[in-house]
Amino acid sequence: MNKSDSERIAGALNVLGFNKTTNADKADLVIFNLCSIRQSAIDRAISKIKNFAESKIQISNIKSSPKPKILLTGCILNKNKRKLEKVCDGIFKIDDLLELPTILKKIGLKTTKNPNSKIRHYLDIKPDYEIGPSAYIPIMTGCNNFCSYCVVPYTRGREISRPAKDILCEIKTLVKKGVKEIWLLGQNVNSYESKVQNVREIDFAELLKMVNNIKGNFWIRFTSSHPKDLTNEMIESFVKCQKATPYLNLPIQSGNDEILKAMNRPYSVEKYKKLIKKTRQTFKKYRKGQEKILSLSTDVIVGFPGETKKQFQDTKKTLKEIGFAAGYISPYSPRPQSTAFKLKDNISPSEKRKRKKELVKIIENSALRFNKQFVGKNVEVLVFDKKNDFFLGKTRHHQVIKFLSDKDLVDKFINLKVTKATAYGLQGELTKVC
Ligand code: SF4
């Protein structure tokens, strides 16, 4: 989401007459787009901003040139705002991106062009996309769920969905330009609803069908989903839309009902398992060949306040039972302003690390099992990079795959025969360039 917001910031600046530079030393203005999901992320960002601000003061003293202006945006908690105000020229909420001309004027930067006055929301700003085969399209922003450990509803505000026609128009333009992977983004894509005169017109199931009907050869992926909002209708639509890849990230967060309740995640482990069963069965019913296999990833928080050893064992058992293709395990990080911040963070950092290690091991085992199924098979791959001698691509099941070739294949769809599998990806040999 931040990557996508950064593209909109660049787009807003383009309109005002600014050009992007990859060299921060030459910039008149540097905007940092922050994420507060974990304390470690914000600590790293704060130190980076401080170092940058200090080095700029030194350079401007030596060269007696004006130092670049620094603005901050993104998810910033009040607690950190006070610290950060000292090292930057201003902080603005991403929702206030339309106010950029006024913000720039206040910090002494001149704009050479006028903004589009018809735009009403920052998501309507035309993004300056990063070049590559993938594009991130926000379909909604904000969240109404208030999971007790999370600050997103406070930093981003309540849910707002973009009109479906704007989303479709943006995707059509991107596909025409050659984009091959479309990521539909939102804090909770399943609660997407496009309204006309306050009447719900299009939900996520319908939106998926409309995106799938856009002409062209491209893949559809989406994130994040919430188990409480993933309906049978959405599952059917997801599976029947052939451009949607067989990959689903569905955060479970804990395998214990009491902890889920304390996290304010309104579903049970049983309900989560039923959803997975239904999704897997629907893939088997409507898709062919490898497409019948669902690649399922999840997110888990370990060491939530009060998580007992027994409750942690329940999570271990649940992860083993479901068998995820990938999993992102995070030690609980208390976030000021969240409800859980009031609870005693009583699991020691070393115990959290130990629990995380155990869950990572379980995920590695199931991921290896999942990836091994593809050895010897032909898979369709979208190539996104080349590092050292190896090309890197993604399969439709969202596995990273590396391979060698003497041709330039970045941004292309190709076919590879899988020769090796690890828990973290695949290796393959080129069989066909599409
Ligand atoms: S669903 Fe929960 S974890 Fe996700 S953004 Fe909303 S409050 Fe945060």
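The sections below set out a description of the structure shown in this document. Since this is a predicted model, take the numbers as computed values, not measurements.

Right, let's talk about the site of the ligand for a bit. Within the structure, the ligand sits among C143, N145, F146, C147, C150, V152, P153, Q187, N188 and H226. Residue classes in the shell around the ligand are distributed as six nonpolar, four polar and no charged.

Looking along the chain, the bond that leaves T223 and enters S224 is cis, with omega of -5°. Inspection of the secondary structure puts S224 in the loop between strand 10 (219-223) and helix 8 (232-240). The phi angle at Q253 is positive, at roughly 70°, despite the residue not being glycine. Turning to its location among the elements, Q253 is positioned in the loop between strand 11 (247-249) and helix 9 (257-262).

Our focus in this paragraph is the nonpolar core. One finds I137, I139, Y149, I182, L184 and L207 to be the most contacted residues of the largest nonpolar core, which totals 100 residues. With sequence-adjacent residues up to four places away left out, I137 is seen in contact with I167, E170, I171, I182, W183, L184 and L185.

What follows is about the packing of helix 7 (residues 204-212) against helix 8. The contact between helix 7 and helix 8 brings their axes to 8 Å, and the two run at 10°. Relative to helix 8, helix 7 is oriented roughly parallel. Residues F204, A205, L208 and K209 of helix 7 form the contact with helix 8, whose own contacting residues are E233, M234, S237 and F238. Of the residues assigned to the contact of helix 7 with helix 8, the class counts are five nonpolar, one polar and two charged.

This brings us to the packing of helix 11 (residues 309-322) against helix 12 (residues 349-372). Orientation of helix 11 relative to helix 12, taken along the N-to-C sense of each, is 15°, at an axis distance of 9 Å. When the interaxial angle is binned, helix 11 and helix 12 end up roughly parallel. With respect to the hand of their crossing, helix 11 and helix 12 are arranged in right-handed fashion. Mapping the contact onto sequence places F312, T315, K316, L319 and K320 in helix 11 and R355, E358, L359, I362 and I363 in helix 12. In terms of residue class, the contact of helix 11 with helix 12 is built from five nonpolar, one polar and four charged.

Summarising the element assignment, K180 is placed in the loop between helix 6 (164-176) and strand 7 (181-185). The buried category is assigned to K180, around which 20 C-beta atoms lie within 10 Å. Put simply, K180 and L359 are 179 residues apart on the chain and 34 Å apart in space, counted from C-alpha to C-alpha. Not counting the four nearest positions on each side in its chain, K180 is found in contact with P133, F218, W219, L382 and F413.

Criteria and thresholds
Residues numbered from 1 in each chain as written. Predicted model: local features only at pLDDT ≥ 70, side-chain atom pairs only at ≥ 80, totals over all residues. Near = placed C-beta within 6 Å. Nonpolar A, V, L, I, M, F, W, Y, C, P; charged D, E, K, R; others polar. Helix = DSSP H or I, 4+ residues; strand = E, 2+ residues; numbered from the N terminus. Core = buried A, V, L, I, M, F, W, Y, C linked by C-beta atoms within 7 Å. Buried ≥ 20, exposed ≤ 12 C-beta atoms within 10 Å, placed from the backbone. Contact = placed C-beta atoms within 7 Å. Axes fitted to C-alpha atoms, helices over the stretch in contact; angles between N-to-C directions. Parallel < 35°, antiparallel > 145°, perpendicular 65-115°, else oblique. Left-handed = near helix turned anticlockwise from the far one by under 90°.

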